[in-house]
Amino acid sequence: MTELILSLDVTGLKEALRIAGACAPEIDAIKVGYPLALAAGLGIAGELAGFGLPLIADFKVADIPNTNTLICEQVFAAGFSAVIAQGFPGPDSVAACVEAAHAHGGECYVVAEMSHPGALTFFSAGVPERLCEIVAETGADGIIAPATRPERVRALRALIGKKKILSPGIGAQGGDPAEIAPLVDGMIVGRSIYGAADPAAAARTYAPYRR
Ligand code: C5P
(Lines give C-alpha, C1' and ligand atoms only; values in the text may rest on other atoms or scores of the structure.)
Protein backbone atom coordinates (compact mmCIF):
# COMPACT_ATOMS: atom_id res chain seq x y z
CA MET A 1 0.00 0.00 0.00
CA THR A 2 1.29 3.48 -0.86
CA GLU A 3 -0.02 6.00 1.60
CA LEU A 4 -0.62 9.70 0.99
CA ILE A 5 0.94 11.79 3.75
CA LEU A 6 -0.04 15.45 3.89
CA SER A 7 2.88 17.69 4.81
CA LEU A 8 0.99 20.38 6.69
CA ASP A 9 3.52 23.21 6.47
CA VAL A 10 1.17 26.09 7.14
CA THR A 11 1.71 28.47 10.04
CA GLY A 12 -1.82 29.25 11.18
CA LEU A 13 -3.70 26.96 13.55
CA LYS A 14 -7.10 27.69 12.03
CA GLU A 15 -5.78 27.19 8.51
CA ALA A 16 -4.09 23.94 9.55
CA LEU A 17 -7.29 22.56 11.06
CA ARG A 18 -9.38 23.66 8.07
CA ILE A 19 -7.02 21.99 5.57
CA ALA A 20 -6.57 18.85 7.67
CA GLY A 21 -10.33 18.52 8.11
CA ALA A 22 -11.04 18.94 4.42
CA CYS A 23 -8.29 16.51 3.38
CA ALA A 24 -8.74 13.88 6.10
CA PRO A 25 -10.89 11.51 4.00
CA GLU A 26 -8.34 11.66 1.17
CA ILE A 27 -5.11 11.07 3.13
CA ASP A 28 -3.51 8.43 5.34
CA ALA A 29 -1.37 10.52 7.70
CA ILE A 30 -0.35 14.10 8.51
CA LYS A 31 3.24 15.29 8.78
CA VAL A 32 3.90 18.28 11.02
CA GLY A 33 7.23 20.07 10.81
CA TYR A 34 8.81 23.13 12.37
CA PRO A 35 6.68 25.68 10.48
CA LEU A 36 3.43 24.53 12.10
CA ALA A 37 4.84 23.27 15.41
CA LEU A 38 6.70 26.53 16.05
CA ALA A 39 3.64 28.56 15.14
CA ALA A 40 1.02 26.53 16.98
CA GLY A 41 3.03 24.67 19.62
CA LEU A 42 3.37 20.93 20.21
CA GLY A 43 -0.29 20.95 21.26
CA ILE A 44 -1.03 20.89 17.53
CA ALA A 45 -0.84 17.10 17.84
CA GLY A 46 -3.80 17.15 20.22
CA GLU A 47 -5.68 19.54 17.94
CA LEU A 48 -5.17 17.24 14.95
CA ALA A 49 -5.89 14.03 16.88
CA GLY A 50 -9.61 14.36 16.23
CA PHE A 51 -9.09 13.52 12.56
CA GLY A 52 -8.02 10.02 13.56
CA LEU A 53 -4.89 9.95 11.41
CA PRO A 54 -1.29 9.04 12.34
CA LEU A 55 0.77 12.17 13.04
CA ILE A 56 4.40 12.28 11.97
CA ALA A 57 6.71 14.79 13.68
CA ASP A 58 9.21 15.96 11.06
CA PHE A 59 11.71 17.54 13.42
CA LYS A 60 14.74 15.93 11.72
CA VAL A 61 16.11 15.30 15.20
CA ALA A 62 19.91 15.60 15.09
CA ASP A 63 21.53 15.89 18.51
CA ILE A 64 23.47 13.85 21.05
CA PRO A 65 21.64 10.74 22.30
CA ASN A 66 20.46 12.25 25.59
CA THR A 67 19.02 15.35 23.92
CA ASN A 68 17.41 13.22 21.22
CA THR A 69 15.73 11.17 23.96
CA LEU A 70 14.42 14.33 25.64
CA ILE A 71 13.10 15.70 22.32
CA CYS A 72 11.40 12.43 21.37
CA GLU A 73 9.81 12.06 24.81
CA GLN A 74 8.14 15.44 24.25
CA VAL A 75 7.06 14.45 20.72
CA PHE A 76 5.38 11.22 21.80
CA ALA A 77 3.91 12.67 24.99
CA ALA A 78 2.23 15.28 22.79
CA GLY A 79 0.51 12.52 20.83
CA PHE A 80 2.61 12.06 17.70
CA SER A 81 2.85 8.54 16.31
CA ALA A 82 6.19 8.83 14.51
CA VAL A 83 9.30 10.98 14.49
CA ILE A 84 11.81 11.75 11.75
CA ALA A 85 15.49 11.85 12.76
CA GLN A 86 18.69 12.68 10.96
CA GLY A 87 21.16 9.82 10.78
CA PHE A 88 24.39 11.80 10.42
CA PRO A 89 24.88 12.31 14.21
CA GLY A 90 25.54 8.55 14.30
CA PRO A 91 24.00 5.26 15.36
CA ASP A 92 23.79 6.07 19.07
CA SER A 93 21.84 9.25 18.38
CA VAL A 94 19.47 7.41 16.04
CA ALA A 95 19.11 4.57 18.56
CA ALA A 96 17.95 7.08 21.19
CA CYS A 97 15.11 8.19 18.88
CA VAL A 98 14.19 4.61 17.97
CA GLU A 99 14.08 3.57 21.63
CA ALA A 100 11.87 6.50 22.60
CA ALA A 101 9.57 5.87 19.64
CA HIS A 102 9.21 2.17 20.29
CA ALA A 103 8.71 2.71 24.04
CA HIS A 104 5.61 4.71 23.08
CA GLY A 105 4.42 2.29 20.41
CA GLY A 106 5.57 4.76 17.75
CA GLU A 107 7.89 4.73 14.78
CA CYS A 108 11.17 6.38 13.85
CA TYR A 109 12.23 7.26 10.31
CA VAL A 110 15.73 8.33 9.31
CA VAL A 111 16.51 10.82 6.56
CA ALA A 112 18.65 8.86 4.11
CA GLU A 113 18.80 11.50 1.42
CA MET A 114 17.10 14.86 0.99
CA SER A 115 15.10 15.96 -2.03
CA HIS A 116 16.38 19.47 -2.85
CA PRO A 117 19.25 20.17 -5.31
CA GLY A 118 21.79 21.21 -2.63
CA ALA A 119 21.32 17.92 -0.77
CA LEU A 120 23.87 16.29 -3.06
CA THR A 121 26.65 18.31 -1.38
CA PHE A 122 26.63 15.95 1.59
CA PHE A 123 24.07 13.21 0.86
CA SER A 124 26.32 11.53 -1.72
CA ALA A 125 29.36 9.27 -2.07
CA GLY A 126 28.03 6.37 -0.03
CA VAL A 127 26.53 8.45 2.79
CA PRO A 128 22.88 7.43 2.15
CA GLU A 129 24.03 3.81 1.94
CA ARG A 130 25.77 4.10 5.33
CA LEU A 131 22.65 5.73 6.75
CA CYS A 132 20.65 2.70 5.59
CA GLU A 133 23.06 0.50 7.54
CA ILE A 134 22.36 2.62 10.62
CA VAL A 135 18.63 2.08 10.06
CA ALA A 136 19.22 -1.67 10.07
CA GLU A 137 21.56 -1.54 13.11
CA THR A 138 19.20 0.55 15.23
CA GLY A 139 15.92 -1.11 14.27
CA ALA A 140 14.49 2.13 12.87
CA ASP A 141 11.27 1.69 10.96
CA GLY A 142 12.31 3.16 7.64
CA ILE A 143 13.87 5.98 5.70
CA ILE A 144 13.01 9.27 4.04
CA ALA A 145 14.18 9.21 0.41
CA PRO A 146 13.77 11.75 -2.41
CA ALA A 147 10.90 11.53 -4.89
CA THR A 148 12.94 13.92 -7.00
CA ARG A 149 15.48 11.12 -7.66
CA PRO A 150 13.60 7.85 -8.30
CA GLU A 151 16.80 6.08 -9.29
CA ARG A 152 18.14 6.78 -5.80
CA VAL A 153 14.94 5.47 -4.22
CA ARG A 154 15.38 2.23 -6.19
CA ALA A 155 19.00 1.94 -5.02
CA LEU A 156 18.06 2.58 -1.38
CA ARG A 157 15.14 0.11 -1.57
CA ALA A 158 17.66 -2.59 -2.48
CA LEU A 159 19.50 -1.81 0.75
CA ILE A 160 16.64 -1.50 3.22
CA GLY A 161 14.41 -4.30 1.94
CA LYS A 162 10.99 -4.37 3.57
CA LYS A 163 11.46 -1.38 5.85
CA LYS A 164 9.31 1.57 4.86
CA ILE A 165 10.30 4.38 2.51
CA LEU A 166 8.48 7.70 2.87
CA SER A 167 9.19 10.03 -0.01
CA PRO A 168 8.89 13.83 -0.15
CA GLY A 169 9.45 15.98 -3.23
CA ILE A 170 6.30 15.13 -5.18
CA GLY A 171 4.53 18.02 -6.88
CA ALA A 172 6.11 21.35 -5.89
CA GLN A 173 9.67 19.96 -6.05
CA GLY A 174 8.98 18.15 -9.33
CA GLY A 175 8.65 14.50 -8.28
CA ASP A 176 6.17 12.45 -10.33
CA PRO A 177 3.68 10.43 -8.25
CA ALA A 178 3.12 7.91 -11.04
CA GLU A 179 6.82 7.05 -11.04
CA ILE A 180 7.47 7.19 -7.32
CA ALA A 181 4.33 5.58 -5.84
CA PRO A 182 5.19 2.01 -6.91
CA LEU A 183 8.62 2.34 -5.25
CA VAL A 184 7.62 3.64 -1.82
CA ASP A 185 5.30 3.10 1.14
CA GLY A 186 4.32 6.73 1.58
CA MET A 187 4.12 9.79 -0.71
CA ILE A 188 4.72 12.99 1.27
CA VAL A 189 2.99 15.93 -0.40
CA GLY A 190 2.90 19.49 0.90
CA ARG A 191 2.47 22.62 -1.19
CA SER A 192 0.65 21.01 -4.10
CA ILE A 193 -2.13 20.09 -1.65
CA TYR A 194 -2.19 22.73 1.09
CA GLY A 195 -1.38 25.51 -1.37
CA ALA A 196 -4.23 24.62 -3.72
CA ALA A 197 -7.45 26.61 -3.86
CA ASP A 198 -9.27 23.37 -3.01
CA PRO A 199 -6.89 21.19 -0.94
CA ALA A 200 -9.30 18.23 -0.77
CA ALA A 201 -9.65 18.18 -4.55
CA ALA A 202 -5.86 18.44 -4.89
CA ALA A 203 -5.45 15.51 -2.48
CA ARG A 204 -7.95 13.48 -4.51
CA THR A 205 -5.74 13.78 -7.60
CA TYR A 206 -3.32 11.43 -5.81
CA ALA A 207 -6.00 8.76 -5.33
CA PRO A 208 -4.90 6.74 -8.40
CA TYR A 209 -1.45 6.34 -6.83
CA ARG A 210 -2.70 5.19 -3.40
CA ARG A 211 -2.65 1.43 -3.54
O1 C5P B 1 5.77 21.34 -0.22
P2 C5P B 1 6.51 20.05 -0.48
O3 C5P B 1 5.63 18.97 -1.07
O4 C5P B 1 7.78 20.25 -1.25
O5 C5P B 1 6.89 19.56 1.00
C6 C5P B 1 7.81 18.54 1.25
C7 C5P B 1 7.94 18.34 2.74
O8 C5P B 1 8.85 17.28 3.00
C9 C5P B 1 8.50 19.55 3.48
O10 C5P B 1 7.92 19.54 4.78
C11 C5P B 1 9.98 19.27 3.60
O12 C5P B 1 10.56 19.89 4.72
C13 C5P B 1 9.98 17.76 3.75
N14 C5P B 1 11.19 17.04 3.34
C15 C5P B 1 11.71 17.13 2.06
N16 C5P B 1 12.84 16.40 1.74
C17 C5P B 1 13.40 15.60 2.66
C18 C5P B 1 12.87 15.48 3.94
C19 C5P B 1 11.73 16.23 4.25
O20 C5P B 1 11.16 17.84 1.21
N21 C5P B 1 14.42 14.83 2.33
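Given the structure is predicted, the values throughout are model-derived calculations rather than measurements. (Residues numbered from 1 in each chain as written. Predicted model: local features only at pLDDT ≥ 70, side-chain atom pairs only at ≥ 80, totals over all residues. Heavy atoms only, no water.)

Details of the site of the ligand
Short version of the rule: We call a residue near a molecule or strand whenever a single non-hydrogen atom of that residue lies within 4 Å of it. Within 3.5 Å is the distance limit for a polar contact, defined as a pair of N or O atoms, with the added protein rule that one can donate a hydrogen and the other accept it, and that residues adjacent in sequence qualify only through two side-chain atoms. Only the protein chains shown count as cover for residues, and the accessible areas themselves come from Shrake-Rupley with a 1.4 Å probe.
By nearness alone, 15 residues border the ligand, and D9, K31, S115, G190 and R191 come closest of all. One of the side-chain N or O atoms of K31 is found 2.8 Å from an oxygen atom in the ligand. Here an oxygen atom of the ligand and a backbone polar atom of G190 are 2.8 Å apart. About the coverage of the ligand: the protein hides 87% of its 480 Å² of free accessible area.

Examining the UniProt feature "binding site: substrate" (unreviewed entry) in the chain
Put simply, the test is: UniProt positions are given in the numbering used here, feature names are shortened, and annotations may be inferred rather than shown by experiment. Throughout this description, buried means an accessible area under 20% of the type-specific maximum (1.4 Å probe, protein chains only), exposed means over 50%, and partly exposed covers the range between. It only takes one pair of heavy atoms within 4.5 Å for two residues to be counted as in contact. Strands here are runs of E lasting at least two residues and helices are runs of H or I lasting at least four, both read from the DSSP assignment and numbered beginning at the N terminus.
As recorded in UniProt, the sites labelled "binding site: substrate" (unreviewed entry) are D9, K31, S115, G190 and R191. On the basis of relative accessible area, D9 is assigned to the partly exposed category, the value being 26%. When sequence neighbours within four positions are dropped, the list of residues in contact with D9 reads G33, P35 and Y194. Looking at D9, its side chain comes within polar contact range of the side chain of S7, at 2.8 Å. Of note, R191 is situated in helix α9 (residues 191-194). Using a relative accessible area of 48% as the deciding quantity, one classes R191 as partly exposed. Other than its neighbours up to four places away in sequence, R191 contacts A172, Q173 and A196.

Section: the environment of P182
Structurally, the position occupied by P182 is in the loop between α8 (177-180) and β8 (186-189). Beyond its immediate sequence surroundings of up to four residues, P182 is in contact with P177 and R211.

So, the packing of helix α5 (residues 91-103) against helix α6 (residues 127-138)
As a reminder of what qualifies: Here, axes are lines fitted to C-alpha atoms. For helices the fit covers the stretch in contact, and angles between N-to-C directions go from 0 to 180 degrees. Here roughly perpendicular refers to angles of 65 to 115 degrees, roughly parallel to angles under 35, roughly antiparallel to angles over 145, and oblique to all remaining angles. Here a crossing is taken to be left-handed if its near helix is turned anticlockwise relative to the far helix by less than a right angle, and right-handed if that turn runs clockwise. Ten residue types, Ala, Val, Leu, Ile, Met, Phe, Trp, Tyr, Cys and Pro, are classed as nonpolar, four, Asp, Glu, Lys and Arg, as charged, and the remainder, Gly among them, as polar.
Axis separation between α5 and α6 bottoms out at 10 Å; the angle between their running directions is 50°. Between α5 and α6, the interaxial angle falls into the category oblique. Viewed along their axes, α5 and α6 form a crossing whose handedness is right-handed. Across the interface between the two elements, P91, V94, A95 and V98 from α5 touch I134, E137 and T138 from α6. Looking at the contact of α5 with α6, its residues break down into five nonpolar, one polar and one charged.

Topic: the side chain of Q86
Here Q86 shows up in strand β4 (residues 82-86). Setting aside residues up to four positions removed in sequence, Q86 forms contacts with K60, V61, A62, V94, V110, V111, M114 and F123.

A few points about the packing of helix α4 (residues 65-77) against α5
Contact pair α4 / α5: the axes reach a minimum separation of 8 Å and the direction vectors enclose 25°. When the axes of α4 and α5 are compared, the pair comes out roughly parallel. With respect to the hand of their crossing, α4 and α5 are arranged in right-handed fashion. Across the interface between the two elements, P65, N68, T69, C72, E73 and F76 of α4 pack against D92, S93, A96, C97, A100 and A101 of α5. Partitioning the contact of α4 with α5 into residue classes produces seven nonpolar, three polar and two charged.

Comments concerning the pairing of strand β7 (residues 164-168)
Heads up, the rule is: Two strands are said to pair when DSSP picks up at least two bridges between them. Think of it like this: strands point away, you trace from the first strand over the helix to the second, and a clockwise trace means the crossover is right-handed.
Of all five residues in β7, four are buried; the element is thus mostly enclosed. Pairing geometry for strand β6 (residues 142-144) and β7, over three bridges, is parallel. Bridge pairing in β7 links I144 to L166. Handedness of the crossover joining β6 and β7 through helix α7 (residues 150-160) is recorded here as right-handed.

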